[in-house]
Amino acid sequence: MPDHSPYARRLREIADALDSEFQPPDTALTPHPDTLDIIRNRHSKRGQLNYAVPEALQLQRRIRRYNADANLPHGDIVTLALDTWLRAMGYPPDPVSTRLERP
């Protein structure tokens, strides 16, 4: 029977090298400045966002815990998370819709 251990060892080395190369950028989770401006403006028009999410992920509990730790309103937590993810996926808002709304 042929000895495949050198190949397995080399594959492990390659996998370890690839894992060490990937470093997600620190800016990946940084909220966009326009989004922060809109959230800070309490006169921004707001709408309800209501979706069923898997209970196993405990998103509601985690949002409540983050709210308690960071004193950031629940809606702002969801806004920052969704906006950051959608921008990262290539779906920024239309430039017209990001204007701050004044009363």
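For the structure, check the block above.
What you see is a predicted model; the values in this text were computed from it and never measured.

Undergrad: An account of the overall build of the chain is needed here, citing residue identities and associated values.
TA: Per the secondary structure count, the chain includes four helices and zero strands. Secondary structure elements of the chain occur, N-terminal to C-terminal, as α-α-α-α. Looking at the chain as a whole, 10% of its 103 residues qualify as buried. Here the analysis covers contacts within the chain between residues at least 6 apart in sequence; of these, 65% occur between residues at least 24 apart. Carbon and sulfur atoms make up 57% of the accessible area of the chain, which totals about 9300 Å².

Undergrad: Pulling in residues and values, what's your account of a nonpolar patch on the surface?
TA: There is a patch of nonpolar side chains on the surface, built from Leu-49, Tyr-51, Val-53, Leu-82, Trp-85, Leu-86, Met-89 and Tyr-91 and spanning about 890 Å² of accessible area. Locating Leu-86 in the fold gives a position in helix α4 (residues 74-88).

Undergrad: Which residues make up the pattern of salt bridges, and what values go with them?
TA: Scanning all chains against the criterion turns up five salt bridges. Here Asp-37 and Arg-40 are joined by a salt bridge, their closest N and O atoms 3.4 Å apart. Of this pair, Asp-37 and Arg-40 both sit in helix α2 (residues 33-40), separated by three residues, roughly a single helical turn. When its relative accessible area of 59% is taken as the criterion, Arg-40 is described as exposed.

Undergrad: Go over a positive patch on the surface, please, and point to the residues and values.
TA: Where like charges cluster on the molecular surface, the positive patch consists of Arg-61, Arg-62, Arg-64 and Arg-65. Overall, Arg-62 belongs to the partly exposed group, its relative accessible area being 44%.

Undergrad: Let's hear about unusual backbone geometry: which residues, and what values?
TA: With phi around 50°, Gln-58 is a residue other than glycine that occupies positive phi space. Along the chain, Gln-58 falls in the loop between α2 and α3 (59-70). The class of Gln-58 is partly exposed, set by a relative accessible area of 37%. Notably, Asn-71 is not glycine yet its phi reads approximately 55°, a positive angle. Inspection of the secondary structure puts Asn-71 in the loop between α3 and α4.

Undergrad: Describe in detail α3, supporting the description with residues and values.
TA: The end-to-end C-alpha distance of α3, which contains twelve residues, comes to 16 Å, matching closely the 16 Å that a straight helix rising 1.5 Å per residue would cover. Looking one or two residues past α3, Asn-71 carries a phi angle of roughly 55°, positive in sign.

Basis of the calculations
Residue positions within a chain follow its written sequence, with the count starting from 1. Where totals are concerned, whole chains, interfaces and linings use all residues; where local detail is concerned, this predicted model gives features only for residues with pLDDT of at least 70, and gives and counts side-chain atom pairs only at 80 or more. For the side-chain quantities, the full set of heavy atoms in the structure was used; hydrogens and water were omitted. Elements are defined by DSSP. Helices are runs of H or I of four residues or more, strands are runs of E of two residues or more, and each kind is numbered from the N terminus. Only protein chains enter the calculation, and the probe is 1.4 Å; a residue is then buried if its accessible area is under 20% of its type maximum, exposed if over 50%, and partly exposed in between. Only heavy atoms enter the contact rule, under which two residues are in contact if any of them lie within 4.5 Å. Accessible surface is estimated by sampling points in the Shrake-Rupley manner with a 1.4 Å probe; for residues, cover comes only from the protein chains shown. Like-charged residues are merged into a patch within 9 Å and nonpolar side chains (Val, Leu, Ile, Met, Phe, Trp, Tyr) within 5 Å, provided each residue has over 30% relative accessible area and no salt bridge. Basic side-chain nitrogens of Lys or Arg form a salt bridge, by our definition, when they fall within 4 Å of a carboxyl oxygen of Asp or Glu. Positive charge is attributed to Lys and Arg, negative charge to Asp and Glu, and no charge count is given to His or to the chain ends. We put the charge of a Lys on NZ, of an Arg on CZ, of an Asp on CG and of a Glu on CD. Between the first and last residue of a helix there are one fewer steps than residues, each counted as 1.5 Å, and that sum is the expected span.

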